[in-house]
Amino acid sequence: VKDISIKEQRRRIWSCLYSHEYHLSLMQGRPLQYIFSNEDMSTSLPSSMDENELWTTNPSMYLGCIERARLLKVFHELWYGCDRASRSSPTKCIKLCEALDAAFKRMPKFLQTDISPSALSHFLQENPWLPFMRYYLRWKHLWLVIYALRHLSFNSKPASEDENTSPAFERCRVLLSEAAQDTITSATNYINNNALTPFFAWNCTFFIFNAALVPLTNIITQEASSENYLW
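Quick caveat, the model's predicted, so the values are computed rather than measured. Along each chain, numbering runs from 1 in the same order as the chain's sequence is written. Only residues with pLDDT of at least 70 get local features here, since the model is predicted, and only at 80 or more are side-chain atom pairs given and counted; chain-wide, interface and lining totals rely on the full set of residues. Derived side-chain values reflect all non-hydrogen atoms in the structure, with water molecules and hydrogen atoms excluded from consideration.

Student: Explain the environment of Ser44 to me, using residue names and the numbers behind them.
Tutor: Here Ser44 lies in the loop between helix 1 (4-28) and helix 2 (63-79). Residue Ser44 is classed as partly exposed on the basis of its relative accessible area of 37%. Strands are runs of DSSP state E lasting at least 2 residues, helices are runs of H or I lasting at least 4, and numbering of each runs from the N terminus. Classification of residues uses two cut-offs on accessible area relative to the type maximum, computed with a 1.4 Å probe and protein chains only: under 20% is buried, over 50% is exposed, and between them is partly exposed.

Student: Before we move on, can you summarise the state of the cysteines with the specific residues and values?
Tutor: By definition, disulfides here are pairs of cysteine sulfur atoms that lie within 2.5 Å. According to the stated counting rule, one finds 0 disulfides in the structure shown. Cys172 forms no disulfide, and the closest cysteine sulfur to it belongs to Cys93, at a distance of 5.2 Å. Using a relative accessible area of 0% as the deciding quantity, one classes Cys172 as buried.

Student: Got a sec to walk through the environment of Leu111? Specific residues and values, please.
Tutor: Within the secondary structure, Leu111 is located in the loop between helix 4 (90-105) and helix 5 (117-126). C-alpha separation for the pair Leu111 and Leu137, spaced 26 residues apart in sequence, amounts to 8.2 Å. Note on definitions: a residue-residue contact is assigned when non-hydrogen atoms from the two residues lie within 4.5 Å. Those residues in contact with Leu111 that lie beyond four places of it in its chain are Glu67, Phe104, Leu130, Arg134 and Leu137.

Student: I'd love a proper account of the packing of aromatic side chains, names of residues and values included.
Tutor: Two aromatic rings from Phe, Tyr or Trp, using only the six-membered ring of Trp, form a pair when their centres are within 6.5 Å; if the ring planes differ by under 30 degrees the pair is stacked, by over 60 it is edge-to-face, and anything between is tilted. The final tally for this structure, using the stated rule, is 23 aromatic pairs. Their ring planes at 75° and their centres at 5.8 Å tell us that Tyr136 and Phe207 sit as a pair that is edge-to-face. Of the two residues, Tyr136 sits in helix 6 (residues 130-154) while Phe207 sits in helix 8 (residues 198-221), which places them 71 residues apart along the sequence. Phe207 matches Tyr136 in its accessibility class, with the two residues each being buried. For the pair Trp202 and Phe206, a centre-to-centre distance of 5.5 Å together with 5° between the ring planes defines the contact as stacked. Taken as a pair, Trp202 and Phe206 lie in helix 8 at a separation of 4 residues, close to a single helical turn. Judged by relative accessible area, which is 10%, Phe206 ranks as buried. Here, a charge over a ring means that NZ of Lys or CZ of Arg falls within 6 Å of the ring centre while also lying within 35 degrees of the ring normal. Arg138 extends its terminal NZ or CZ atom over the ring of Phe104, reaching a point 5.4 Å from the ring centre.

Structure, rendered in structure tokens:
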């Protein structure tokens, strides 16, 4: 295909389909149908092009599928790029969390949480879709963190008796609780300060529900914990 705009449209469609398939595979615990790697797929990640078919570094409505695909690519390389035993390693999980944090920080500034209010206000006035996209990408980032750490904390057995009290394992527990709390706080903040459509409400409910499973599981499995009042 010679027309670059048609190529970009196809990349966006493929990226959206792939991201939804990946999300459903993780959520349902089933094997992936497609793998986002150079060996298995020749389609490139989408690029940011505005409605006038010009490359841009400004906000465009396609940034959601672009940045979501990049997050999944980072997750896939570190999660599925290792054997199952390595997924139960606290050190590996911390490395994955750090890589996802770095990927999130590489997103455009107007998608970051530390942008100045005045700069953000300008972007929001010009792009009414931007508030939800900023929150959604943050929730997606935290959801992937929760997925990996919840697998480590609740679904796997430690390799030794001392592993579940090791500094790395304790660090993973802290990261898991923080990711869950950040998700709940962030989604609540979005609900309280933005108009909700059915689509927005469904996403808020989904991410809050998944995050709430973390403290709920902690309360059930660790009844005597001194952290119960926090949960």
